[in-house]
Amino acid sequence: RQQFDYQTRSGSKLFKGNTVLVYSDFENNFPFPPKFFGNEVAVTTEEAYKKDSSYWNSARPEPLTIDQQKMVAYRDSVEVAHKNRTYLDSIEARFNRVTVGEILYNDIGFRRDSTKRSIYFSSLLSTVGFEVVGGWRFGPNVRYFKQFDNARWLFTSAHVNFGLKNSDVQGSYGFQTMYNPRKQGFLWFRTGRSFYSINSFDAYLNQLKASNYILHDFGSIFHRRELFNGFFVETNVDFSNRQSVAGYDATSVINEIIEEGEALKFEAYRAFITRARVSYTPGQQYMTEPNRKVILGSKYPTFSLTHRKGWRGPFGSHVNFDYLEVGVEQNLLLGTLGNSKYTLLTGKFVNSRGLPFIDLKRFRQSDPYLMSDPRYSFQLLDTAMSTTGIFLEGHYIHHFNGAMINNIPLVKKLRLQTVAGGGFMWVKENNYRHEELFAGVERIFKLGARRRLRLGVYGVLGQSNAQAPRADWKVSFDIIDMWKREWSY
């Protein structure tokens, strides 16, 4: 028999609990055959959700205490009340009531719990948009979501907008669906017309320049599926008609703040591009639920191979290139020492006979003062770079989660966390090399019941064979992903 007692505090409230495990009819030193324990660590069947109290009373090795019985009775009564049709209808009616706040800034939503459907229409504030090219745009959007009983779901959205300065209409329509939760089967489609960033991952100052944008009419299909445990296949099909924005009036209030370069000038052309990626995580552990698979991770890294091809001919496409990339990435959980994340990439254009400037392999320029995601970028790269040749890059970050400073008297009360990492890059063209290290402190702040904000301050030291060693400092602002309960890095 094992008993675990624990407690936690939320504000002024103290919550206590315990777990009792009773073992019987077991054999010591049982000779398990090789590979007896697989990667599936837990299974929940459909019947498990339908067991009544009589089953649990007979299966429970120890009777509940009086306090536990009161807790179960209270929880069951709350569950019954929440499933009551009158209660559900009242909650639905309250949600569907249109308010002034929704009309002005919070989007107008309607949902039907009985069919697990919801639809949202844009508020007046969300109809207002701003583009680097041409400035203000106005237009509505609508979103629709449908949840199915078997854990499948469908999401679709559409929007259209009108540019005041150039009197042009743009918009898009798309849908995405999780069609097979057991195999992580996911399908995504989108089509429309919009301004497109040549390097959407570039420094934020470069993202505010019209010279970083083109106009494209596009259609895109993405598909992902797990073929066997840990082995995923992703495919992309993209078609676009790419046009220069040199004929647009690109002036806006941004031009008064940031020095602007000329818009990229070129003859309009079509691009039909496919992307195929396979990835494999050995030893991937998972749980099986009645309608879905829950991936838990692995002690081994994820290996990936990507092929991106531009096709000449189909749909009048003018491009012709082949790009190969190999990657390794992993999230290491090191117990009380914290957790580490690293990424290694190498790649090369094996065919560049019809390679447009837009499709080059790019390395983002570092942002002044702001920390960018250190798993995929550098903090002291003073210019944006591109290449067609072979390259090698690596990134590493470790969060100590209090392991370094929590034993220092009084410092623990500050609730600071230390972090360190670094990166390197080598590009064959010009034999360019860059290395850097960083370290800093972070602190997490509450923004309501679930939302969290993480602030960070870091010192960075870097050098390259084209630049002498130099130091700088960075700050970061990160909002936790409430769905995944994860930070950006």
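Positions within a chain are numbered from 1, following the residues in the order the chain's sequence is written. Reporting in this predicted model follows two pLDDT cut-offs: at least 70 for local features of residues, and 80 or more for side-chain atom pairs to be given and counted; totals over whole chains, interfaces and linings ignore these cut-offs and use all residues. Calculation of side-chain values draws on the structure's entire complement of heavy atoms; hydrogens and water are dropped beforehand.

**Q** How would you sum up the overall build of the protein? Please name residues and give values.
**A** Within the protein one finds 5 helices and 26 strands. Overall, the C-alpha framework of the protein stretches about 80 × 55 × 50 Å when taken along its three principal axes. Only protein chains enter the accessibility calculation, which uses a 1.4 Å probe; a residue is then buried when its area is under 20% of its type maximum, exposed when over 50%, and partly exposed in between. Residues counted as buried form 35% of the 489 residues belonging to the protein. In the protein, once contacts between residues fewer than 6 apart in sequence are set aside, the share between residues at least 24 apart is 54%. Each accessible area is a Shrake-Rupley result for a 1.4 Å probe, and residues are judged covered by the shown protein chains and nothing else. Of the roughly 29800 Å² of accessible surface on the protein, a fraction of 58% belongs to carbon and sulfur atoms. The convention is simple: Lys and Arg are positive, Asp and Glu are negative, and His and the chain ends are not counted. Charge positions are represented by NZ for Lys, CZ for Arg, CG for Asp and CD for Glu. Of the side chains in the protein, 63 bear a positive and 47 a negative charge, and the two mean positions are spaced by 3 Å. Strands here mean DSSP runs of E at least two residues long; helices mean DSSP runs of H or I at least four residues long; both are numbered from the N terminus. By definition, residues are in contact when any of their heavy atoms lie within 4.5 Å.

**Q** How would you sum up the pairing of strand β8 (residues 141-147)? Please name residues and give values.
**A** Looking at chain direction, strand β5 (residues 117-121) and β8 are connected through 5 bridges and run antiparallel. Following the sheet pairing, Ser118 is matched in β8 by Phe145. For two strands to pair, DSSP has to find at least two bridges joining them. In terms of strand pairing, β8 meets strand β9 (residues 153-163) through 7 bridges, oriented antiparallel. Bridging across to β9, Val142 finds its partner in Ala158. Counting the residues that bridge the hairpin from β8 to β9 gives 5 residues, and of these Ala151 lies at a positive phi of roughly 75°.

**Q** How would you explain the side chain of Thr274 if you had to name every residue and give the values?
**A** Residue placement: Thr274 occurs in strand β14 (residues 269-280). A distance of 2.9 Å separates the side chain of Thr274 from the side chain of Trp311, its partner in a polar contact. The residues contacting Thr274, other than those within four sequence positions of it, are Asn236, Val237, His307, Arg308, Lys309 and Trp311. Under this definition, polar contacts are N or O atom pairs within 3.5 Å; protein pairs additionally need one hydrogen-donor-capable and one acceptor-capable atom, and for neighbouring residues in sequence, both atoms have to be side-chain atoms.

**Q** Explain the layout of surface pockets to me, and be specific about the residues and the numbers.
**A** Empty space within the second largest pocket amounts to approximately 1200 Å³. The distinction between a cavity and a pocket rests on a 1 Å grid over the protein atoms alone: a 1.4 Å probe fits inside a cavity but cannot get out, while a pocket stays open yet meets protein on both sides within 12 Å along at least five of seven lines, and a residue with an atom within 4 Å of a point counts as lining. In this structure, the second largest pocket is lined by 34 residues; those nearest its centre are Arg60, Leu64, Gln68, Val72 and Arg75. The set of elements that each furnish at least two residues to the lining of the second largest pocket consists of β2 (13-21), α1 (53-59) and α2 (66-83). Among the elements that make up the lining of the second largest pocket, the one with the highest residue count is α2 (11 residues). Grid points are joined across faces, edges and corners, and a volume is the space filled by probe spheres set on the points.

**Q** Outline the pairing of β2, supporting the account with residue identities and numerical values.
**A** Here strand β1 (residues 2-10) pairs with β2 via 9 bridges, running antiparallel. When the bridges of β2 are listed, Phe4 appears paired with Thr19. Between the antiparallel neighbours β1 and β2 lie 2 residues, among them Gly11 with a positive phi of about 65°.

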